[in-house]
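Okay, here's what each chain looks like letter by letter:
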Amino acid sequence: MTRLVLYRVGSALITLLLASIVVFLAVRALPGGPAEALSAESNDPAVLKAINHKYGFDQPLVPQYFRWLGQAVTGNFGTSPNSGLSVSSTLLNDLPVTLELAVLALLVAVVIGIPAGVLSARRPGGALDSVGSTGALAGLSIPHFWFGILLILGLSVELKWLPAAGFVPIVPDPLGNLEHMLMPAVVLGTGIAAVVMRQTRSSVITAMSSDYVRTARAKGLSEWDVIGHHALRNSLITVVTVIGLQLGALIGGVVTVEQVFGIPGVGKLTLDSVYDRDYPTLQGVVLLTALGYVVTNLIVDLVYSVLNPRIRVAGGAQ
Amino acid sequence: MNALAVADSGRALARRKARRRLTARPLSVIGLVGVVVVVLVALLANWISPHDPTLPNFGQVLAPPGAGGHLLGTDQLGRDVLSRLFYGSRTTLVAGVLATVLGTLVAVPIGLVAGYFRGWTDVVISRLVDVVLAFPFLIFAVGLAAILGPSLRNVVLALGVAQIPGVIRVVRGEVFAQRELEYVQAEVVNGTPTRTIMFRHILPNVLNPVVVQTSLAVPATIVGAAILSFLGLGVQPPTADWGTMLSDAENYLGQAPWLGVFPGVAIFLTTLCFNLFGDGLRDALDPTAR
Amino acid sequence: MSETPPLLSITDLHVRFPSPEGDVLAVGGLDLEIRPGEMLALVGESGCGKSLTALSILGLQPPTARVSGSIRLSGQELIGLPPKQLRDIRGKDVAMVFQEPMSSLNPAFTVGRQVDEVTRRHEQLSRRAARERSIELLDLVGVPEPARRAGEYPHQLSGGMRQRVMIAMAIACSPKLIIADEPTTALDATIQAQVLALFEKLRADFGSAVLVITHDLGVVAEIAERVVVMYAGYKVEQAPVHPLFAHPRHPYTAGLLGAVPMLGAIGETAVLTEIPGTVPVFADVPEHCPFVSRCARAQPDCHEAFPARHATGPDAEVACVHELEVVSS
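Residues numbered from 1 in each chain as written. Chains lettered and ligands numbered in written order. Predicted model: local features only at pLDDT ≥ 70, side-chain atom pairs only at ≥ 80, totals over all residues.

Q: Can you help me understand the overall build of chain C in this one?
A: Across its full length, chain C holds 11 helices and 12 strands. By the compact-globule yardstick of 20 Å for 329 residues, chain C fits well, its C-alpha radius of gyration being 20 Å. Once the C-alpha set of chain C is aligned to its principal axes, its extents read approximately 65 × 45 × 40 Å. When the 329 residues of chain C are sorted by exposure, 47% land in the buried category. Considering only contacts in chain C between residues 6 or more positions apart, those separated by 24 or more positions represent 63%. (Helix = DSSP H or I, 4+ residues; strand = E, 2+ residues; numbered from the N terminus. Rg over C-alpha atoms; globule rule 2.2 N^0.38 Å. Buried ≥ 20, exposed ≤ 12 C-beta atoms within 10 Å, placed from the backbone. Contact = placed C-beta atoms within 7 Å.)

See the structure below:
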């Protein structure tokens with residue numbers, strides 16, 4: 001088991017390293033060269049030359065890379081020419097907001113998706129199933145930013161129940177925070193809920209026709225025990241895997257949702273940095289995203305190994 | 001009858017059965033019809049649009065649906081929404097379908113190679129795939145936009161690249177399985193050149209899962225294209241595009257809510273139809289998967 | 001004829017699979033009795049309907065199957081029983097041991113937990129009491145180091161041990177009837193003998209009746225008291241075990257035994273031989289003997305009507321018009 005963990009972690013590190021090389025080269029490919037990009041100052045050749053020398057852009061690529069890597073690893077991503085603040089401090093500021101949004105969205109997805117999937121699986125083709133499956137299909141097909149716009153139209157403009165945009169930190173005002181985060185979380189979570197529901201449904205249906213479910217029934221267990229415990233437990237493995245695969249969509253979704261609802265998280269930061277040509281920030285965000293993505297996938301992998309007893313406890317006999 | 005011929009005839013029979021299953025389900029037929037409609041609209045936009053989609057008309061700004069010959073109203077520059085919707089289908093289809101197809105075309109040979117040769121080839125390819133995966137397509141699109149500037153071409157590029165890892169995985173997995181089968185071993189023993197084995201024999205068997213993967217990918221790519229243009233990373237004004245129409249609409253939600261509804265409906269219905277058709281396609285090709 | 005009322009009484013059981021291409025009658029008009037504490041073997045080739053009969057007793061038949069007739073447990077009718085009452089009976093009054101212990105145990109739960117479930121469900125034992133009981137049961141069925149094993153997962157146990165776990169689950173509430181569906185098919189020969197001995201011991205200790213479903217006559221010879229032979233969904237012969245082996249009446253039984261239907265020393269292990277042909281599938285009760293297509297002794301009148309059953313001795317009957325003669329020496 002430990003060997004597996006080490007292997008996975010090692011793979012992840014290699015991936016991160018390669019990803020960092022990609023980012024490094026990409027920054028060098030920015031129009032105007034890295035100096036102009038990173039300083040956003042005039043095209044005065046003398047100034048540029050000085051910057052080139054200062055940051056070492058005039059040095060050969062490989063030592064440049066390692067210098068850059070060293071800086072990145074220690075958290076030094078440079079300074080934003082627009083805000084004047086260090087990129088890392090801005091990131092640290094915005095990251096918790098995005099994380100809260102992501103967690104809430106996943107919560108919505110799981111709370112809606114898994115029970116819906118189980119209820120549908122109980123009687124495939126029945127009334128509940130038709131409703132659930134149709135709902136899932138709709139949830140999959142709705143572009144979430146449009147869903148967000150519709151919700152704003154309905155709940156904010158028309159009914160005035162929830163604020164349309166903006167953000168309030170959770171610490172002084174948890175209720176206000178929830179008010180602002182509710183719609184974004186629902187919007188983000190719905191798409192994932194649809195995928196989770198479908199996967200849960202299909203896995204539970206498969207599990208229901210298995211031999212061990214027949215045994216469970218033969219023991220006289222209630223339907224609830226049979227579906228909710230025996231079938232679901234075995235389905236969770238696939239469901240977790242699927243949720244893991246959705247994380248990419250989640251990250252993409254975060255950017256749009258933050259944009260639509262004006263949530264000051266990492267997603268909005270990404271977009272703003274593109275519009276403002278704030279390349280140090282963009283570089284920081286991209287690196288952070290790659291890191292986050294690789295790490296989350298690693299965690300999902302490990303959670304999967306834990307959930308699957310066959311991997312967790314290596315088989316002894318036969 | 002050698003193993004290869006048996007495999008071939010089995011495939012032909014399976015295809016016939018699949019076609020029958022496909023047409024049996026009403027929902028997937030509806031999906032197919034919808035897809036065809038969208039394609040037709042895109043092709044015939046010139047002829048069916050009542051107004052010019054990009055010409056501003058400042059006398060009829062933000063007209064509600066039904067007013068003055070504008071079935072769905074006009075936007076903030078007086079442009080007819082309906083015509084813009086028709087023209088917008090083009091960018092959507094180009095981005096969604098073209099990107100998926102291109103990505104798949106690139107990915108299939110790579111997957112074949114990785115799955116067939118295994119060993120170091122596979123390890124290297126898998127690592128590269130992981131690296132691509134480390135950048136969610138949105139980030140990648142953002143990066144591309146930063147380096148190359150926003151455009152439709154970049155949207156297609158970003159979405160196409162985003163398809164590649166998924167298809168590679170599917171192809172690679174299928175090739176793994178096929179490699180061990182008898183008909184492949186028979187060809188190897190016969191001394192058939194590797195390239196022939198890979199492309200003439202294994203490839204056709206790999207196509208089913210690829211089609212399934214593609215059918216899942218197209219709706220997602222369509223939405224992805226809409227997202228990118230919504231965020232301003234794709235098509236630029238004044239070109240009509242469903243995503244940009246929605247982002248414009250954000251500013252006028254109070255005054256002209258219909259602007260935020262119709263383009264979204266278009267995206268939603270198109271995606272839904274592709275999803276329905278894709279579901280039907282998947283069921284037809286592999287009924288056990290449900 | 002026995003004086004004690006039967007524990008389980010199956011009358012005219014039909015199990016039908018409706019389908020657009022035509023119905024399949026998997027079990028046609030089966031009559032069967034099991035007495036308390038009896039060891040009955042239900043024998044036949046695969047596809048003859050014996051497993052389906054067993055599943056129908058507990059209502060575990062596939063959802064597409066249509067069951068009609070009567071199955072009475074101690075006088076209570078099981079067919080059509082409301083699900084809740086059926087669930088009270090399953091695992092408590094009637095328990096089942098399935099054929100494939102690997103796939104029949106939930107891979108995600110420990111073995112102990114799966115045995116606990118039975119007592120917690122039917123006897124409302126607390127978690128700790130249930131676990132103690134489970135360890136006792138595992139010990140009873142011969143699982144070494146039962147306390148340790150209880151915390152292990154199915155994939156960590158060998159096939160024989162998994163089967164024992166299944167048996168432990170079945171006897172947890174001392175059921176009156178244990179149904180064992182091919183209990184030894186998936187096991188090695190050496191383990192088979194141990195598992196069969198276990199059944200015998202359980203019957204002796206608890207007084208449960210055991211219905212053993214099998215196609216292996218070796219198993220029948222080993223533990224059965226009475227045998228019912230099924231073919232293509234019909235009962236073709238029934239007799240106490242010794243007479244059946246000594247002088248089978250039905251040509252099919254004789255074929256199964258692979259012995260000259262005259263004399264056979266009791267105690268020889270019977271070997272299953274191949275009877276040419278395959279088990280036919282019927283849409284409805286046929287107007288001829290179901291075995292006629294494969295019977296070496298078929299006569300013209302075998303094609304004319306479904307053979308009626310008649311008694312051939314105490315507790316024995318056969319459904320054949322031209323049954324084998326008993327030649328006593």
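Q: Whenever I open this one, the overall build of chain A confuses me. Can you help?
A: On a plain count of helices and strands, chain A comes out with 13 helices and 0 strands. What you see in chain A, going N to C, is helices and strands ordered as α-α-α-α-α-α-α-α-α-α-α-α-α. Across the 318 residues of chain A, 43% fall into the buried class. Excluding contacts between residues fewer than 6 apart, the proportion of contacts in chain A whose partners are at least 24 apart in sequence is 70%.

Q: What exactly am I supposed to notice about the packing of helix α4 (residues 111–122) of chain C against helix α7 (residues 159–171) of chain C here?
A: Each pair of packed helices gets described by two things: the angle between the helix axes and the distance between those axes. All names here are of chain C. Across the interface, α4 lies against α7 with an axial gap of 8 Å and an inter-helix angle of 20 degrees. Classed by the angle they form, the pair α4 and α7 counts as roughly parallel. By crossing handedness, the relation of α4 to α7 is classed as right-handed. Between α4, through V111, Q114, V115 and V118, and α7, the contact on the second element is made entirely by V165, A168 and M169. For the contact of α4 with α7, a count of residues per class yields 6 nonpolar, 1 polar and no charged. (Axes fitted to C-alpha atoms, helices over the stretch in contact; angles between N-to-C directions. Parallel < 35°, antiparallel > 145°, perpendicular 65-115°, else oblique. Left-handed = near helix turned anticlockwise from the far one by under 90°. Nonpolar A, V, L, I, M, F, W, Y, C, P; charged D, E, K, R; others polar.)

Q: Quick question: what am I supposed to make of the confidence of the model for chain C here?
A: A low pLDDT score tells you not to read the predicted coordinates there in detail. Taken as a whole, chain C shows an average pLDDT of 82; of its residues, 91% reach a score of 70 or greater. Scored below 50 in pLDDT, residues 259–272 of chain C makes 27 contacts in the model with residues more than four places away or belonging to other chains. (pLDDT = per-residue confidence, 0-100.)

Q: I keep staring at the interface of chain C and chain A and nothing clicks. Help me out?
A: Reports of interface size often rely on the accessible area that becomes lost once the parts have come together. Across the contact, 28 residues belong to chain C and 21 residues belong to chain A. Put simply, the parts of the chain that give the side of chain C that touches chain A at least two residues each are α2 (83–89), α3 (101–104), α4 and α7 of chain C. No other element matches α4 of chain C, which puts 4 residues into the side of chain C that touches chain A. Of the residues in the side of chain C that touches chain A, the class split is 12 nonpolar, 9 polar and 7 charged.

Q: When you look at unusual backbone geometry in this model, what are you seeing that I'm missing?
A: Excluding glycine, residues mostly carry a negative phi; peptide bonds, for their part, are mostly trans. Residue and element names in this part refer to chain C. You will see that E145, though not glycine, has its phi angle at about 50 degrees, which is positive. Mapped onto the elements, E145 comes out in the loop between α5 (127–140) and α6 (146–150). Residue E182 is not a glycine yet carries a positive backbone phi of 45 degrees. Relative to the elements of secondary structure, E182 occurs in the loop between β7 (177–181) and α8 (189–206).

Q: Looking at this model, I keep getting lost on the confidence of the model for chain A. Mind explaining?
A: Residues of chain A with pLDDT of at least 70 account for 88%, and the chain-wide mean is 80. Put simply, helix α2 (residues 33–39) of chain A is where chain A has its lowest mean pLDDT, 61, and helix α9 (residues 211–218) of chain A is where it has its highest, 90.

Q: What am I meant to see in the pairing of β7 of chain C here?
A: Look at any regular strand and the pattern is simple: side chains alternate between the two faces of the sheet. Residues and elements named next belong to chain C. Of all the 5 residues making up β7, 5 are buried; the element is thus mostly covered by neighbouring parts of the structure. Side chains of β7 alternate between two faces, with L177, I179 and D181 and I178 and A180 buried alike. Note: β7 against strand β8 (residues 209–214), 5 bridges, orientation parallel. When the bridges of β8 are listed, I179 appears paired with L211. Where the polypeptide runs from β7 across α8 and back to β8, its parallel neighbour, the crossover connection is right-handed. (Pairing = 2+ DSSP bridges. Right-handed = clockwise from strand over helix to strand, strands pointing away.)

Q: How do you make sense of the sheet that holds strand β4 (residues 66–73) of chain C when you look at a structure like this?
A: The strands that make up a sheet are held in pairs by hydrogen bonds between backbone atoms, and each pair lies either parallel or antiparallel. Residue and element names in this part refer to chain C. Strands sit in the order β2-β1-β4-β5 across an open sheet of 4 strands; the sheet is antiparallel. With one partner strand each, in any of the chains shown, β2 (24–34) and β5 (76–77) form the two edges of the open sheet. Along the sheet, helix α1 (residues 50–57) contacts β1 (8–17), β2 and β4; its crossing angle with β1, the most-contacted strand, is approximately 115 degrees.

Q: What exactly am I supposed to notice about the nonpolar core here?
A: Here is a general trend for soluble globular proteins: nonpolar side chains tend to be buried in one another's company. Judged by nonpolar contacts, the single largest core of 247 residues is most densely connected at A141 and V155 of chain B together with V165, A168, L211 and V236 of chain C. When residues no more than four places from it in sequence are discounted, the contact partners of A168 of chain C are V115, L137, L138 and V141 of chain C. (Core = buried A, V, L, I, M, F, W, Y, C linked by C-beta atoms within 7 Å.)

Q: Would you explain the sheet that holds strand β6 (residues 94–97) of chain C in this entry?
A: Residues and elements named next belong to chain C. With mixed pairing, 8 strands are arranged side by side in an open sheet as β6-β7-β8-β3-β9-β10-β12-β11. Unpaired on one side and paired on the other, β6 and β11 (310–313) mark the two borders of the sheet. The average angle at which neighbouring strand axes cross in this sheet is 25 degrees, direction not considered. Bridge count between strand β9 (residues 226–231) and strand β10 (residues 234–240): 6 bridges; the pairing is antiparallel. Paired with Y231 across the strands is Y234, a residue of β10. Docked against the sheet, α7 engages β6 and β7, running at close to 175 degrees with respect to β6.

Q: Hey, could you run me through helix α6 (residues 152–179) of chain B in this one?
A: One turn of the α-helix equals 3.6 residues, which is why residues spaced by three or four share an orientation. The end-to-end C-alpha distance of α6 of chain B is 39 Å, a good match for the 40 Å that 28 residues give at a rise of 1.5 Å each. Largest kink in α6 of chain B: about 25 degrees, centred on I164 of chain B, with the proline P165 of chain B one to four residues after it. (Expected span 1.5 Å × (residues − 1). Bend = angle between axes of the 7 residues up to and from the residue.)

Q: Any chance you could explain the packing of helix α7 (residues 144–158) of chain A against helix α8 (residues 174–208) of chain A here in plain terms?
A: Residues and elements named next belong to chain A. Relative orientation of the contacting elements α7 and α8 amounts to 145 degrees, with a least axis distance of 9 Å. In the packing of α7 onto α8, the handedness of the crossing is right-handed. Here H144, F147, G148, L151 and L155 of α7 come into contact with α8, specifically with M183, V187, L188, T190 and G191. Counted by class, the contact of α7 with α8 contains 6 nonpolar, 4 polar and no charged residues.

Q: Please explain the environment of L202 of chain C as it appears in this structure.
A: Residues and elements named next belong to chain C. Note on placement: L202 falls in helix α8. Exposure remark for L202: the 19 C-beta atoms within 10 Å place this residue in the partly exposed category. Distance from L202 to C173, taken between C-alpha atoms, is 12 Å for residues 29 residues apart in sequence. Excluding anything up to four places from it in sequence, L202 contacts I171 and S208.

Q: Just to check I follow, could you spell out the interface of chain A and chain B for this structure?
A: Counting residues at the interface gives 37 residues for chain A, matched by 33 residues for chain B. If you list the elements that add at least two residues to the side of chain A that touches chain B, you get α1 (2–28), α6 (127–141), α7, α10 (223–261), α11 (266–275) and α12 (279–307) of chain A. A total of 7 residues in the side of chain A that touches chain B trace back to one element, the largest contributor, which is α7 of chain A. Of the residues that constitute the side of chain A that touches chain B, the class distribution is 28 nonpolar, 9 polar and no charged.

Q: Can you walk me through the pairing of β10 of chain C in this structure?
A: Residues and elements named next belong to chain C. For β10, the tally of buried residues reaches 6 of 7 residues, placing the bulk of the element in the interior. Between β9 and β10, which pair antiparallel and follow one another directly, the connecting turn spans 2 residues, one of which, A232, has a positive phi of 50 degrees. By the bridge criterion, 2 bridges tie β10 to strand β12 (residues 316–318) in an arrangement that is antiparallel. Each residue of the ladder has a partner; that of Q238, found in β12, is E317.

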